[in-house]
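# Coordinate inspection notes
Below are the chains, spelled out letter by letter.
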Amino acid sequence: MNRRTVAALVLFVAVPAAGTVAVLAAWGHGWASAEAGGHGRGAGPAAAPPETYRLLVAVTAVLLTAHALGALARRVGQPTVVGQMAAGILLGPSALSALAPGAQHWLLPPSATVPVEAMAQLGVIFFSFRIGYELTPTQLIRHGTASLVLGCAGVFTPLLAGVGLALTLPAGYRPDGVGSGPFAVFVGVAFCVTAFPVLAGILRENGMLTSGLGSLAMATAGVADVLAWSLLACGVAVAQGGTPLGALRTAALTALFAAVVLTVGRAGLRRLWERRTAGSVMLVHLPLLCSAALTDAIGVHAVFGGFLAGLATPRLPRIKEIAERTDTMASWLLLPMFFASVGLRTGIGLIGGAADWLLCGLFVALAVAAKLAGTTLPARLLGVQPRSAARLGVMMSCRGLTELVILDTGLQLGLIPPRLFAMLVVMTLATTMLAAPLLNRSGSMPPDGRADGPLPGPVDYEALASGIRPCDSASSDSIRSRAKTRLSSWKE
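Residues numbered from 1 in each chain as written. Predicted model: local features only at pLDDT ≥ 70, side-chain atom pairs only at ≥ 80, totals over all residues. Heavy atoms only, no water.

## Details of the overall build of the protein
So the rule is basically this: Comment: elements are numbered from the N terminus, with helices defined as DSSP H or I runs of at least four residues and strands as E runs of at least two. Whether two residues are in contact is decided by their heavy atoms, any of which lying within 4.5 Å being enough. Working definition of accessibility: Shrake-Rupley area with a 1.4 Å probe, residue cover restricted to the visible protein chains.
When helices and strands are tallied, the protein shows 22 helices and zero strands. Within the protein, contacts between residues at least 6 apart in sequence are counted, and of these 79% link residues at least 24 apart. Split by element, the accessible area of the protein, about 22,600 Å² in all, is 67% carbon and sulfur.

So, in structure tokens, the structure goes:
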């Protein structure tokens, strides 16, 4: 160290520091009164760091638990989301609060609930955008009316089973002040849900998302969930004093909005991106958030707005890079917050006695059987091969994320009591855990990887996409040509 450096340190560091100490020692007599009275200029800022600190501790605890159990779930052959769902339950009153209430209150204080809820909703929206972006409109529309028929059948069969079960439940499982009609509709909706975000995660982890059967399953799940949300809106409207006509209005507005987004919105975004020479995160996230807000305002959950925004976003290398960064942030940081928020409201201890657990088992069996019957049998009628029809039914029995969103909505609206909410959460976790093993046991993909594609048989999905039913093999070439021409306008 040379002399100039020493001189600079002494003159401009040591001397000013010593002078500051001397001045405060001579004239700074307000230390005790400010600290004792809790007033003064330093009192306000000093109160903020503990709240921020507690929030960061809560987020860290959720992330560590969710990703650790997610990795453990993958090691045992389960989808990552199963471990993250279990993490949310373990951090809530079902486990941590029962074993160590002080530690649970310190890790997840009430002051952290609102920001955790906000992060949870953003995580669900961004994840649904990624799923929609990975499925091109061509993949969805090429199945034509097949996905519509299978989606409707996969909703109304479990809906009947759920409504019938709800009307036979004892009075202790029903909420006070809610009519049997809205309660039965809500339980029926809980049985007919298929979670396309979780299903997409399972298919993506198994390499089946872009296969023919995988895209048919995603299209069918999308139709089923739109119907399920419309039925939920009907139940909520009746419970709050409205009429079922509100559900029809919600469904019509949702269909109109989806048509506008997938036509005008998609074309506008492509033209806007073609005029830019550099990528912009705002041009991806702003349409996404606007679409989610509008679908939520219509009455359908914001997750479908994110899914539609993903479908409408152009498939360009610049956008793909932004989408991958967004997916990393949502999957790693935001999505575990949703499972934590649901886990904080789930009390497994409310399920008491053998009767409750037997009823949980009945819920699981009926939920799986209704989905299998409502999807597999119609698929066989449409000409899908037996093994692939069975696999499609297994895929539709996956509930997970969307089911948790609907259950949480019903709990907040008072349509279901906390005990039934906990039982339905157990049913959701069990059916999601069963999806991957049942899918693996139903048959593996052959070497050419086409077993899950548009399957050979009497149904020509490209012809169905053009709205024309193939009559014989002689006209199949012309039908295929017209179908491809119709689909060419959707190509990215």
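## Structural notes on the environment of G400
For clarity, the threshold we go by: Here's how the labels work: a residue is buried when its accessible area is under 20% of the maximum for its type, exposed when over 50%, partly exposed in between, all with a 1.4 Å probe on protein chains only.
Within the secondary structure, G400 sits in the loop between α18 (386–396) and α19 (401–413). Owing to a relative accessible area of 0%, G400 belongs among the buried residues under this scheme. As for G400 and V193, which are separated by 207 residues in sequence, their C-alpha atoms are 9.1 Å apart. Residues contacting G400, with those up to four places away along its chain left out, are M85, A195, V198, T428 and T432.

## Here's the deal with the nonpolar core
Soluble globular proteins tend to pack their nonpolar side chains together in the buried interior. Basically, it comes down to this: As used here, the term nonpolar core means buried Ala, Val, Leu, Ile, Met, Phe, Trp, Tyr and Cys residues forming a set that is joined through side-chain atoms within 4.5 Å.
Counting 117 residues, the largest nonpolar core has F338, F363 and M395 as its most contacted members. The element that contributes the greatest number of residues to this core is helix α16 (residues 317–343), accounting for 11 residues. Those residues in contact with M395 that lie beyond four places of it in its chain are T194, L199, L203, M208, L213, A217 and L439.

## Overview of the pattern of salt bridges
The condition that has to hold: The salt bridge criterion pairs a side-chain nitrogen of Lys or Arg with a carboxyl oxygen of Asp or Glu, the two atoms within 4 Å.
Scanning all chains against the criterion turns up five salt bridges. With a closest N to O distance of 3.4 Å, E321 and R325 form a salt bridge. Of this pair, E321 and R325 both sit in helix α16, four residues apart, which is roughly one turn of that helix. A single salt-bridge network, built from bridges that share partners, covers E117, R345 and D408.

## Here's the deal with the packing of helix α17 (residues 353–381) against helix α20 (residues 418–441)
Applied cut-off: The axes used here are C-alpha line fits, helices contributing only the stretch in contact, and every angle between their N-to-C directions lies in the interval 0 to 180 degrees. Reported orientations rely on four angle classes, namely roughly parallel under 35 degrees, roughly antiparallel over 145, roughly perpendicular from 65 to 115, and oblique for the rest. By definition, turning the near helix anticlockwise from the far helix through less than a right angle yields a left-handed crossing, and turning it clockwise yields a right-handed one. Just so you know the grouping, Ala, Val, Leu, Ile, Met, Phe, Trp, Tyr, Cys and Pro go in nonpolar, Asp, Glu, Lys and Arg go in charged, and all remaining residues, Gly too, go in polar.
At a minimum axis distance of 9 Å, the contact between α17 and α20 shows a crossing angle of 45 degrees. Taken together, α17 and α20 sit at an angle that is classed as oblique. Read as a crossing pair, α17 and α20 show a hand that is right-handed. Here α17 contributes D356, W357, L359, C360, F363, V364, A367 and V368 to the contact with α20, which in turn contributes R419, L420, M423, L424, V426, M427, A430, T431 and L434. Residue composition of the contact of α17 with α20, by class: 14 nonpolar, one polar and two charged.

## Comments concerning the packing of aromatic side chains
The test is simple: Stacked, edge-to-face and tilted labels apply to pairs of Phe, Tyr and Trp rings (six-membered ring for Trp) whose centres lie within 6.5 Å, assigned for plane angles under 30 degrees, over 60, and everything in between, in that order. We call a charge positioned over a ring when the NZ of a Lys or the CZ of an Arg lies within 6 Å of the ring centre and within 35 degrees of the ring normal.
If you walk through the whole model with that rule in mind, you get four aromatic pairs. Between F191 and F363, the aromatic rings sit 5.9 Å apart at their centres with planes inclined by 90 degrees, giving edge-to-face as the arrangement. Of this pair, F191 sits in helix α10 (residues 180–192) while F363 sits in helix α17, placing them 172 residues apart in sequence. Taking relative accessible area as the criterion, F191 reaches 0% and is therefore assigned buried. Ring plane angle 70 degrees and centroid distance 5.9 Å describe the contact between F338 and F339, whose orientation is recorded as edge-to-face. As far as the burial class goes, F338 and F339 line up, both buried. The ring of Y173 has R419 lying over it, and the distance from NZ or CZ to the ring centre is 4.2 Å.

## Side note on the packing of helix α9 (residues 145–168) against α17
Helix packing for two helices is described by the angle between their axes and how far apart those axes are. In contact at an axis separation of 8 Å, α9 and α17 are set at 150 degrees when each is read in the N-to-C sense. As judged from the angle between their axes, α9 and α17 are roughly antiparallel. Between α9 and α17 lies a crossing of right-handed hand. Counting all contacts with α9, which are made through L150, A153, G154, T157, P158, A161 and L165, the residues of α17 involved are L362, F363, L366, A370, K371, G374, T375, P378 and A379. Split by residue class, the contact of α9 with α17 holds 11 nonpolar, four polar and one charged.

## Concerning a nonpolar patch on the surface
Keep this limit in mind: In this analysis, a patch consists of residues with relative accessible area above 30% that form no salt bridge, clustered at 9 Å for like charges and at 5 Å for the nonpolar side chains Val, Leu, Ile, Met, Phe, Trp and Tyr.
On the surface, V6, L9, V10, L11, F12, V13 and V15 cluster together to form a nonpolar patch covering roughly 650 Å² of accessible area. Relative to the assigned elements, V10 resides in helix α1 (residues 3–27).

## Overview of the side chain of Q84
Among the secondary structure elements, Q84 is positioned in helix α4 (residues 80–90). Classification of Q84 as buried rests on a relative accessible area of 6%.

## Here we look at the confidence of the model for the protein
In regions of low pLDDT, the predicted coordinates are not meant to be interpreted in detail. Heads up, the rule is: As a per-residue quantity, pLDDT reports the predictor's confidence and falls between 0 and 100.
The predicted model of the protein has a mean per-residue pLDDT of 77, with 80% of residues at 70 or higher. Here helix α21 (residues 461–465) stands out as the least confident element of the protein, with mean pLDDT 30; α17 is the most confident, with 92. For residues 444–492, every residue scores under 50 in pLDDT, and the model assigns this stretch 80 contacts once sequence neighbours within four places are set aside.

## Remarks on helix α7 (residues 113–134)
Counted only if it meets this: Here a helix's expected span is defined as the number of its residues, less one, multiplied by 1.5 Å.
In this model α7 runs 32 Å from its N-terminal to its C-terminal C-alpha over 22 residues, within 8% of the 32 Å that 1.5 Å per residue would give. Counted residue by residue, α7 has 16 buried out of 22 residues, so it is predominantly covered.

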